[in-house]
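These are the residues of each chain, in order.
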Amino acid sequence: MYVKLHDKADRLRFTVPCAAYVADNADGLLLLELVGADSENRAVWSHIVKARSERSLTATSAHFHAGASKDVICVVPTTKYHKVEQSGRVILLHDGLTRFRYEYLLGGDDDAPSPWFMLALQQHIPIPVLPHWAPVIWAKARELSLVQAADVSFGPAVVWQLDLNQNTWERMIQDLVKARKVTVEAR
């Protein structure tokens with residue numbers, strides 16, 4: 001997996017190895033882990049997050065490649081993208097992946113909830129939820145498409161998007177309580 005950065009004349013500037021890539025063009029979700037030389041990583045990073053006049057989803061001159069797959073890296077210029085940098089590694093994170101927003105969750109799978117699931121749920125809905133409810137609520141939320149995997153995902157990163165409609169979550173949890181699928185005591 002790698003990212004190619006082109007200049008304005010569409011000439012190849014850099015090809016940077018990539019360890020993880022997750023994107024969802026609905027709102028500019030991006031998780032990108034670059035593992036090349038520091039100067040190349042910074043060049044790709046600065047191009048992706050540079051100031052742009054557009055206010056909606058915007059294509060950059062950076063392209064992600066994995067085998068036969070090719071994806072243009074898109075961002076929403078008004079969204080903050082965080083940078084985590086180490087020697088030989090740069091990670092770009094959409095603001096929704098941070099602990100302050102929890103619009104997206106890292107980790108978990110179809111059966112096991114993300115470790116951040118209950119924290120995110122408690123942050124976004126005004127009713128209390130108990131920690132031992134997590135597997136039941138996760139399964140029901142997956143069934144109702146309240147938690148969906150990101151559109152494009154390569155590498156070990158697993159990202160889930162939360163539907164943040166409070167009424168739907170409240171109704172679902174109330175139905176689970178009424179049906180006694182979630183109780184005060186852990187089963």
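Residues numbered from 1 in each chain as written. Predicted model: local features only at pLDDT ≥ 70, side-chain atom pairs only at ≥ 80, totals over all residues. Heavy atoms only, no water.

Draft legend 1. Expanded view of the packing of aromatic side chains. All chains considered together, the criterion is met by 6 aromatic pairs. Arranged with centres 5.0 Å apart and planes meeting at 85°, the rings of Phe117 and Trp138 form a pair that is edge-to-face. Placement of the pair is Phe117 in helix 2 (residues 117-124) and Trp138 in helix 3 (residues 134-143), with a sequence separation of 21 residues. A relative accessible area of 0% means that Phe117 is categorised as buried. On the basis of an interplanar angle of 50° and a centroid distance of 6.1 Å, the ring pair of Phe117 and Trp169 is categorised as tilted. Within this pair, whereas Phe117 is found in helix 2, its partner Trp169 is found in helix 4 (residues 166-178), the two being separated by 52 residues in sequence. Side by side, Phe117 and Trp169 carry an identical accessibility label, which is buried. Three or more aromatic residues joined by ring pairs make a cluster, and in this case those are Phe117, Trp138, Trp160 and Trp169. Sitting over the face of the ring of Trp45, Lys83 holds its NZ or CZ atom 3.9 Å from the ring centroid. (Phe/Tyr/Trp six-rings, centres within 6.5 Å; stacked < 30°, edge-to-face > 60°. Helix = DSSP H or I, 4+ residues; strand = E, 2+ residues; numbered from the N terminus. Buried < 20%, exposed > 50% of the residue type's maximum accessible area, 1.4 Å probe, protein only. Lys NZ or Arg CZ within 6 Å of the ring centre and 35° of its normal.)

Draft legend 2. Focus on the environment of His65. With respect to the helices and strands, His65 occurs in strand 4 (residues 58-66). Assessed through its relative accessible area of 12%, His65 is described here as buried. Along the backbone, His65 and Thr78 are 13 residues apart, and their C-alpha atoms lie at a distance of 26 Å. Here His65 is in contact with Met1, Tyr2, Lys4 and Lys70, once residues within four sequence places are set aside. (Contact = heavy atoms within 4.5 Å.)

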